[in-house]
Every structure is written in structure tokens, then in C-alpha cells.
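# Structure assessment
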Amino acid sequence: MAGRAAVPEVIWARPERTGRGPKPAFTRADIAAAAVRIADEAGLDGVTMRHVAAELGCGTMSLYNYVPRKEDLYELMIDAIGAEHEMFEPTGDWRADMLRNAEETRAIMYRHTWVPRLMPGVFGFSPSTLRYLEHCLACLEPLDVPAGTKTELVALLNGVVTTYTGNDIATAERARSMPWSAEEENAVRMAYLGSQIATGAYPRLTAAFTEQSGPVDLEAVFRRALERVLDAFDPELRRSGPDLR
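Not measured: the values here are computed from a predicted model. (Residues numbered from 1 in each chain as written. Predicted model: local features only at pLDDT ≥ 70, side-chain atom pairs only at ≥ 80, totals over all residues. Heavy atoms only, no water.)

### Remarks on helix 5 (residues 94–111)
Here is the rule: In this text, helices come from DSSP runs of H or I with a minimum length of four residues, and strands from runs of E with a minimum of two, each type numbered from the N-terminal end. Multiplying 1.5 Å by the helix residue count minus one yields the expected span of that helix. Relative accessibility thresholds used throughout: buried, under 20% of the residue-type maximum; exposed, over 50%; partly exposed, between the two (1.4 Å probe, protein chains only). Any two residues having at least one pair of non-hydrogen atoms within 4.5 Å are treated as being in contact.
In a regular helix each residue adds 1.5 Å, so 18 residues correspond to 26 Å; helix 5 covers 26 Å between its end C-alpha atoms and thus fits that length. Every buried residue of helix 5 is listed here: Trp94, Arg95, Asp97, Met98, Leu99, Asn101, Ala102, Glu104, Thr105, Arg106, Ile108 and Met109. Here the buried face of helix 5 lies against helix 4 (70–82), helix 6 (115–118), helix 7 (127–139), helix 8 (147–177) and helix 11 (218–233).

Structure, rendered in C-alpha cells:
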């Protein structure tokens, strides 16, 4: 296949053009933008080399000269949406800044609902990703823990955001594919759950559900999850726990 390397390589280490021959018809930014448009409209499964080439108006084989592998295309896509992060000036309140970063990441994922599905398979460290990581570490400058611990915090917080947001998106997509409403399905499932709890076989679950005074506030649950991650890295809240160092 034209353009394919015989050994592993990172797309970002590959020159966008060699300096020889005619000027390329497309840039990586052009290719990434086309792939993102397709994914936003048709989902990740709609992103094929053939489809992207058609969007650009070129032949599929020609596209391989720019992007040797589909995995490279995915990296271009993640880099493109990563540029949507706002690199704001850190306030000095590391918790507030990281919560802001997390909420912004979540908003980006809702705009591009294919991102949570793609994230586990992308190695990252693209230009946009590196800038975002540097930004997060700048936000964490006031936190008195080792740099390696700060990168763990960023990774864990992003993992929570990806998991929660991915579940929300998957639930919404499943609801849209059903021939009945989400409310109807939830009513049936809750009725079944109630019947099982009523058997007395699950006393601990019964106690847990009894404490709930109404519908679960999923936004509050998400926020508490973020806060708990930050709590785990806050030395002032971990005086009686193990030393982070």
C-alpha cells in the first residue's frame, strides 16, 4: 500500500511533506477536519479511508500517501478536537482549574460523541494533547506533589470524564434505537427491580435503595466523582493516609 511504513512510526514524526515534488493538495488539518465532519454526522464507523478521500475529492490510494494507516487518521482526529480546549490562564486554585478542564473535556465529548469510543485506542501525545497536558500541569503548579503524581491525577480525571460521558452517550444512543421511549423502558426495569428487592434476598441493596428519596441526580453524581478524585490527591485531605511521595 502506498505510503505504508515497514516499521512502526508516529504520524507526528513523519514529515508532512518531504520538500520534493509538487506541493501536496491537502494538509493534515484538511484531512482531520474531513474525518471529524464524517464522524460527527455518521459516527465513527462512517470514517473510512474511502469516505474521507471522497470528502476531500481525491482517490483512496492518494490518501494513503498522507496518512499511512487508519490508526494515524484517528490520531489526527483526536488532535483536531483537542485544539478545542481553552488554554486559560491558571487561577492559582488548582481544584477549580482542573474541574473547569474536566467540564470542558466533557463538553467536547458531547459535541463529538464518537470521542469516548475512540480514546482507549489512541496513543495520544499529539501536538494538541501535549499542549493540553502542559496546560493541566500549569494548573496543578500550586499542588505540592511530585510531577509524576500530577500526571496521574490528569489521567485519572480524564478517565472519569470519558467513562461517565461515554456511558451517557451510549445510553442516549440506545434509547434512540428502541421502538419505545426511555421512560417506558425505565418503568419496566424499575418494576422488575422492585419485584426482586421485595423478595428479601437483597437486604443490603434494599437499604441502599431505601435511602434514595427520588430520582438520582446524575449531574451531582458526576460532580462528586470528580471531587473525590481531586480529594485523593489533596495532601491537606490525606494527612492520615499514605504519603503521595
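Here the narrative resumes.
### Details of the pattern of salt bridges
Worth spelling out the cut-off: Any carboxyl oxygen of Asp or Glu within 4 Å of a side-chain nitrogen of Lys or Arg constitutes a salt bridge here.
Overall, the coordinates contain 14 salt bridges when judged by the stated rule. Across the salt bridge formed by Arg95 and Glu227, the nearest N and O atoms sit 2.7 Å from each other. Remark: Glu227 occurs in helix 11 and Arg95 occurs in helix 5; sequence separation between them is 132 residues. Relative accessible area serves as the criterion here: at 16%, Arg95 is assigned to the buried category. Here Glu227 falls in the partly exposed class, since its relative accessible area comes to 26%. Of the charged contacts in the structure, one is a salt bridge between Arg189 and Glu185, with a shortest N-O distance of 2.9 Å. Here the residue Arg189 and the residue Glu185 both occupy positions in helix 9 (residues 182–197), the gap between them amounting to 4 residues, near one helical turn.

### Some words on the environment of Asp234
Applicable threshold: Within 3.5 Å is the distance limit for a polar contact, defined as a pair of N or O atoms, with the added protein rule that one can donate a hydrogen and the other accept it, and that residues adjacent in sequence qualify only through two side-chain atoms.
Looking at the element boundaries, Asp234 is found in the segment after helix 11. Overall, Asp234 belongs to the buried group, its relative accessible area being 11%. Sequence separation between Asp234 and Trp94 is 140 residues, and the spatial gap between their C-alpha atoms is 10.0 Å. Side-chain polar atoms of Asp234 contact the side chain of Arg95, separated by 3.4 Å.

### Re helix 11
Heads up, the rule is: The directions considered for the arc run from the helix axis to the C-beta atoms.
Between its first and last C-alpha atoms helix 11 spans 24 Å; for 16 residues at 1.5 Å apiece the expected length is 22 Å, and the two agree. Buried within helix 11 are the following residues: Phe222, Ala225, Leu226, Val229, Leu230 and Phe233. Within helix 11, the buried residues cover an arc of 130 degrees as seen down the axis, which keeps them to one side. Turning to helix 11, the residues buried within the fold contact helix 5 and helix 8. If you check the start of helix 11, you find a side-chain oxygen 3.2 Å away from the backbone N of Glu219, and it comes from Asp217.

### As for the UniProt feature "DNA-binding region" (unreviewed entry) in the protein chain
Rules: UniProt positions are given in the numbering used here, feature names are shortened, and annotations may be inferred rather than shown by experiment.
Mapped onto the present numbering, the UniProt feature "DNA-binding region" (unreviewed entry) falls on residues 48–67. Each end of residues 48–67 is marked by a C-alpha atom, and these two atoms are 12 Å apart; helix forms 60% of the span and strand 0%.

### Brief notes about the packing of aromatic side chains
Selection rule: Pairs were defined over the aromatic rings of Phe, Tyr and Trp, the Trp ring being its six-membered one, requiring ring centres within 6.5 Å. Orientation was assigned from the angle between planes: stacked under 30 degrees, edge-to-face over 60, tilted for the rest.
Summed over the entire model, instances satisfying the criterion amount to 2 aromatic pairs. For the ring pair Phe26 and Tyr66, a centre distance of 5.9 Å and an interplane angle of 65 degrees mean the geometry is edge-to-face. Of this pair, Phe26 sits in the segment before helix 1 (28–42) while Tyr66 is found in the loop between helix 3 (60–63) and helix 4, placing the two residues 40 residues apart along the sequence. Assigned by exposure class, Phe26 and Tyr66 land together as buried.

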